[in-house]
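# Descriptive structure summary
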Amino acid sequence: MSLKLLDRMEQPTVRSFTTSNELSVSLADLVTKLSAESIEARDRFTVGISGGSLPKLLAADLKHRKDVKWDKWEVFFCDERIVPLEHEDSNYFLCKKELFDHVPIPPEKIHTIDPNLASENEPKEEDDSIDPVAEDYEKQLIDVFAGAKSIKFPVFDLLLLGIGPDGHTCSLFPGHRLLDEGVLWVAYIGDSPKPPPKRVTLTLPVVNHARNVAFVATGSGKQDILYQIFEDPSSKLPSQLVKPTNGKLYWFLDDAASSKLILPK
Ligand SMILES: O=C(O)[C@H](O)[C@@H](O)[C@H](O)[C@H](O)COP(=O)(O)O
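In what follows, the accompanying structure is described. Note that the structure is predicted; figures quoted are calculated from it, not measured.

Let us look at the sheet that holds strand β8 (residues 212-217). Reading across from one edge, β1-β9-β8-β5-β2-β3 is the order of the 6 strands in this open sheet, with parallel pairing throughout. Edge positions in the sheet fall to β1 (13-17) and β3 (73-77), since each has one partner strand and no second. Strand-to-strand twist in this sheet, taken as the mean axis angle between neighbours without regard to direction, amounts to 15 degrees. The sheet contact formed by β1 and strand β9 (residues 248-254) spans 5 bridges and is parallel. Each bridged residue has a counterpart across the sheet, and for Phe17 the counterpart in β9 is Asp254. Its contacts with the sheet place helix α2 (residues 54-62) against β2 (45-49), β3, β5 (158-161) and β8, and it is angled at close to 120 degrees to β5. Across the sheet, helix α6 (residues 223-231) lies against β1, β8 and β9, angled at about 150 degrees from β9, the strand it touches most.

Here you go:
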């Protein structure tokens, strides 16, 4: 593979599958393995899930696994649309339909935004990454990850990321000022190029502090952006800025998405 992501300490693991079902089985194997290892080491598994096509691919095989200690999971959302939780645009709603309705994760371990906190008016210009929904969600992360301690950033056991055709991930979009956010754990974006516009998102430092990060991308619509990411280290796309500091990076692709990449057989 002519992987140009050479400036990271550890090469990512890149897997491409003929079918999305094969991808889902392999992804479920990794999630199950990381869940067991995390629970063994820390008596819990902290995971962040993205929206889009990821939840269906994640759940397809995982929801049938019997060897997962679901009650030890702490689930967050890598980004979330500021809509009611029962709205079809809600990532929680999507994950509930695909996964949470099929596995016994205790409801109190599924950490959702509180859309009722949404302010009618946009934040003031100078602090426009701060918003009641984002602040509340950040407090939920602090409760789970920091408790009484003060830590710079949370360390997720696994973050599951999608990638947009423009190279965005979470709700971190190309050229957006949020890419420079270095303090907040959760930020507000009111002008998401991908509708709906109002969202909260984990910030890049949180993503890069994770023990494991797995991108999931399928379909020919992703082939060009994946080629750019893997072949052009100079472009600073959000997905290319994901370089876990002390963590492992995985790419789960299907052959349609990886068709322009030169991957080892
Ligand atoms: O809430 C969201 O919109 C997602 O978290 C977003 O970051 C998604 O992962 C990408 O847009 C890829 O979406 P697809 O996998 O559907 O192309």
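Let us keep going from here.
On the secondary structure map, Ser239 appears in the loop between α6 and β9. Engagement of the side chain of Ser239 in a polar contact is seen with the backbone oxygen of Gly167, the distance being 2.7 Å. In this view, Ser239 contacts Ile163, Gly167, His168, Thr169, Phe215 and Ile229; residues no more than four positions away in its chain are not counted.

What follows concerns the packing of aromatic side chains. How two aromatic rings sit relative to each other is given by the distance of their centres and the angle of their planes. One pass over the structure, following the stated rule, counts 12 aromatic pairs. When the ring of Phe77 is compared with that of Phe100, the centres are 6.2 Å apart and the planes differ by 75 degrees; the resulting orientation is edge-to-face. Remark: Phe100 occurs in helix α3 (residues 91-100) and Phe77 occurs in strand β3; sequence separation between them is 23 residues. Comparing Phe77 with Phe100, the two get one shared label, buried. When the centroid spacing of 5.0 Å and the interplanar angle of 65 degrees are considered together, the rings of Phe230 and Trp251 count as edge-to-face. Pair noted here: Phe230 is in helix α6 and Trp251 is in strand β9, with a separation of 21 residues, a long-range link. A single burial state applies to Phe230 and to Trp251, both of which are buried. Taken together, the aromatic side chains of Phe76, Tyr137, Phe145 and Phe156 make up a single cluster linked through ring pairs.

This brings us to the packing of helix α1 (residues 20-42) against α2. If you want to describe how two helices pack, look at the angle between their axes and the distance between the axes. Relative to each other, α1 and α2 sit at 75 degrees, their axes nearing to 7 Å. In this view, α1 runs roughly perpendicular relative to α2, as classed from their interaxial angle. Residues Ser20, Ser24, Val25, Leu27, Ala28, Val31 and Thr32 of α1 form the contact with α2, whose own contacting residues are Leu57, Leu58, Ala60, Asp61 and Leu62.

Within this structure, the stated rule accounts for 11 salt bridges. Here Lys72 makes a salt bridge to Asp43, at a shortest N to O gap of 2.9 Å. Taken together, the residues Lys72 in the loop between α2 and β3 and Asp43 in the loop between α1 and β2 connect sequence positions 29 residues apart. Taking relative accessible area as the criterion, Lys72 reaches 25% and is therefore assigned partly exposed. Look at Asp43 and you get partly exposed, because its relative accessible area is 46%. Close ionic contact of Arg199 with Asp79 constitutes a salt bridge, the shortest N to O distance being 3.4 Å. With a gap of 120 residues between them, Arg199 in strand β7 (residues 199-202) and Asp79 in strand β4 (residues 79-81) connect regions that are remote in the sequence. For the residue pair Arg199 and Asp79, the accessibility class agrees, reading buried in each case. Taken together, the shared-partner salt bridges in this structure form one network comprising Asp29, Asp61 and Arg65.

Inspection of the secondary structure assignment puts Leu178 in the loop between β5 and β6 (186-189). Taking the C-alpha atoms as reference points, Leu178 and Ile189, 11 residues apart in sequence, are found 8.0 Å from one another.

In this section: the sheet that holds β4. Strand order in the open sheet formed by 3 strands is β4-β7-β6, with antiparallel pairing between adjacent strands. Strands with a single pairing partner mark the edges of an open sheet, and in this sheet they are β4 and β6. Averaged over all adjacent pairs, the angle separating strand axes in this sheet is 20 degrees, with direction ignored. The pairing of β6 with β7 spans 4 bridges and is antiparallel. Of the residues in β7, the one forming a bridge with Ala187 is Thr201. Lying on the sheet, helix α4 (residues 132-145) is in contact with β6 and β7; it crosses β6 at an angle near 160 degrees.

Calculation rules
Residues numbered from 1 in each chain as written. Predicted model: local features only at pLDDT ≥ 70, side-chain atom pairs only at ≥ 80, totals over all residues. Heavy atoms only, no water. Pairing = 2+ DSSP bridges. Helix = DSSP H or I, 4+ residues; strand = E, 2+ residues; numbered from the N terminus. Axes fitted to C-alpha atoms, helices over the stretch in contact; angles between N-to-C directions. Contact = heavy atoms within 4.5 Å. Polar contact = N/O pair within 3.5 Å; in protein donor to acceptor, adjacent residues only side chain to side chain. Phe/Tyr/Trp six-rings, centres within 6.5 Å; stacked < 30°, edge-to-face > 60°. Buried < 20%, exposed > 50% of the residue type's maximum accessible area, 1.4 Å probe, protein only. Parallel < 35°, antiparallel > 145°, perpendicular 65-115°, else oblique. Salt bridge = Lys/Arg side-chain N within 4 Å of Asp/Glu carboxyl O.

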